[in-house]
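The lines below spell out each chain.
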Amino acid sequence: PVDDGYVSGVLEDQSGKFNLNSLLKADGSVNKNAKKWFEKLLVKAGLPAQLSEAVIDWQDADDEQTGSMGAESGYYRGLQNSPMPPNAKFHRIEELKQIRGFEDGKYKLIASYISALPSNETKVNINTAPAFLLASMDEKLDAHAVQQLLDKKNSALDKFNNTAELWQAEPFTSVSAENKAIVGDLLGVQSNYFTAKIEIELSGRKRQFSSELVRKDKDVYVAYRSMAPF
């Protein structure tokens, strides 16, 4: 509380989410394992797996459609008031709303589980990832069972020290060797990307803004600031 108003804020961990920019490697080629996991997430959320092709086309450098559900400039040019693919990394996950297959609120089905981090080579922190995202790694995993495990560890102030401990805990012991190999290099136990969301109200007038924070070694710097309401 402050005179005639209040200041509030929350710090969100973005390293516990699937990074849309990890779908492409630094050399511009498709990261096949990241694509496979993203497709599993899409299916878990009730969306077609092939929508991954449109997401890749939105950020890759060429103008060649990736697959049957891909979409390059030719597709968007045929739509009314549609932006063209930037052929660059995602800066905000809200860009997904403009991509083929994510219109009419479908974007919201995965919005809580994705991020748009500046680096291609990020790992999902299994200690802060949502249960639904972790459950999407394997068809046999149930999100409720995963949530029970996470709740148990949180109540005991416990955490995974490495990814090997994840595979030893129920229900992750049922994950197939194939799916372990797919997500293995995409998982970690550290967080380096955060979003600070600040809300201020003074004399009945409210403002919101956010800052994207990056931790490198022991330093934290602001990568991006937005004055848009969140």
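Residues numbered from 1 in each chain as written. Predicted model: local features only at pLDDT ≥ 70, side-chain atom pairs only at ≥ 80, totals over all residues. Heavy atoms only, no water.

**A short note on the pairing of strand β8 (residues 219-226)**
Relative to β8, strand β7 (residues 205-216) runs antiparallel, the two sharing seven bridges. The partner of Arg 215 across the bridge, within β8, is Val 220. Between β7 and β8, which follow one another and run antiparallel, lie two residues, and Asp 217 among them has a positive phi close to 55°. (Pairing = 2+ DSSP bridges. Helix = DSSP H or I, 4+ residues; strand = E, 2+ residues; numbered from the N terminus.)

**Examining the packing of aromatic side chains**
The relative placement of two aromatic rings is captured by the distance of their centres and the angle of their planes. Following the criterion strictly, the structure yields six aromatic pairs and no others. Ring geometry for Phe 18 versus Phe 38: centroids 5.3 Å apart, planes at 20°, classification stacked. Separated by 20 residues along the polypeptide, Phe 18 in strand β2 (residues 18-19) and Phe 38 in helix α1 (residues 32-44) bring together distant segments of the chain. For Phe 18, a relative accessible area of 2% puts it in the buried group. Classification of Phe 38 as buried rests on a relative accessible area of 0%. Summarising the aromatic geometry, the rings of Trp 58 and Tyr 76 are spaced 5.4 Å apart at their centres and angled 75° between planes, so their arrangement reads as edge-to-face. With Trp 58 in helix α2 (residues 51-59) and Tyr 76 in helix α3 (residues 73-77), this residue pair connects regions lying 18 residues apart in the sequence. The class for Trp 58 is buried, based on a relative accessible area of 2%. Using a relative accessible area of 1% as the deciding quantity, one classes Tyr 76 as buried. (Phe/Tyr/Trp six-rings, centres within 6.5 Å; stacked < 30°, edge-to-face > 60°. Buried < 20%, exposed > 50% of the residue type's maximum accessible area, 1.4 Å probe, protein only.)

**Re the sheet that holds strand β1 (residues 5-13)**
Judged by pairing direction, the sheet is antiparallel, and its four strands sit side by side in the order β1-β6-β7-β8 without closing on themselves. Since the sheet does not close on itself, it has two edges, and those belong to β1 and β8, each with one partner. Strand-to-strand twist in this sheet, taken as the mean axis angle between neighbours without regard to direction, amounts to 25°. (Axes fitted to C-alpha atoms, helices over the stretch in contact; angles between N-to-C directions.)

**As for the side chain of Ser 226**
In this fold, Ser 226 is placed in strand β8. Ignoring sequence-local partners within four residues, the contact set of Ser 226 consists of Arg 92, Phe 209 and Ser 210. (Contact = heavy atoms within 4.5 Å.)

**What about α2?**
Each turn of an α-helix holds 3.6 residues, which means side chains three or four residues apart point in the same direction. Buried residues dominate α2, accounting for nine of its nine residues. For α2, the full list of buried residues reads Leu 51, Ser 52, Glu 53, Ala 54, Val 55, Ile 56, Asp 57, Trp 58 and Gln 59. Along its buried surface, α2 packs onto α1 and α3.

**A short note on the side chain of Gln 59**
With respect to the helices and strands, Gln 59 occurs in helix α2. Gln 59 sits in the buried class, given a relative accessible area of 6%. A polar contact of 3.2 Å, which involves the side chain of Gln 59, links it to the backbone oxygen of Leu 20. Among residues more than four places away in sequence, those in contact with Gln 59 are Leu 20, Asn 21, Leu 23, Leu 24, Asn 87, Ala 88 and Phe 90. (Polar contact = N/O pair within 3.5 Å; in protein donor to acceptor, adjacent residues only side chain to side chain.)

**Let's talk about helix α5 (residues 143-155)**
The terminal C-alpha atoms of α5 lie 18 Å apart, and with 13 residues this matches the ideal 18 Å at 1.5 Å per residue to within 8%. Of the residues making up α5, those classed as buried are Val 146, Leu 149, Leu 150 and Lys 153. Taken down its axis, α5 places every buried residue within 95° of arc, on the same side. In α5, those exposed residues whose orientation departs by more than 90 degrees from the buried face are His 144, Gln 148, Lys 152 and Ser 155. Contacts made by the buried residues of α5 are with α4 (131-135). Capping the start of α5, Asp 142 holds a side-chain oxygen 3.1 Å from the backbone nitrogen of His 144, two or three residues further along. One or two residues past the end of α5 sits Leu 157, with phi positive at roughly 55°. (Expected span 1.5 Å × (residues − 1). Arc of directions from axis to C-beta.)

**Brief notes about the environment of Glu 95**
Relative to the helices and strands, Glu 95 is located in the loop between α3 and β3 (114-115). For the pair formed by Glu 95 and Tyr 107, sequence separation is 12 residues and the distance between their alpha carbons is 9.5 Å. The residues touching Glu 95, leaving out its near neighbours within four places in the chain, are Trp 58, Pro 86 and Phe 90.

Take it as geometry only, folks, not as evidence of what the structure does.
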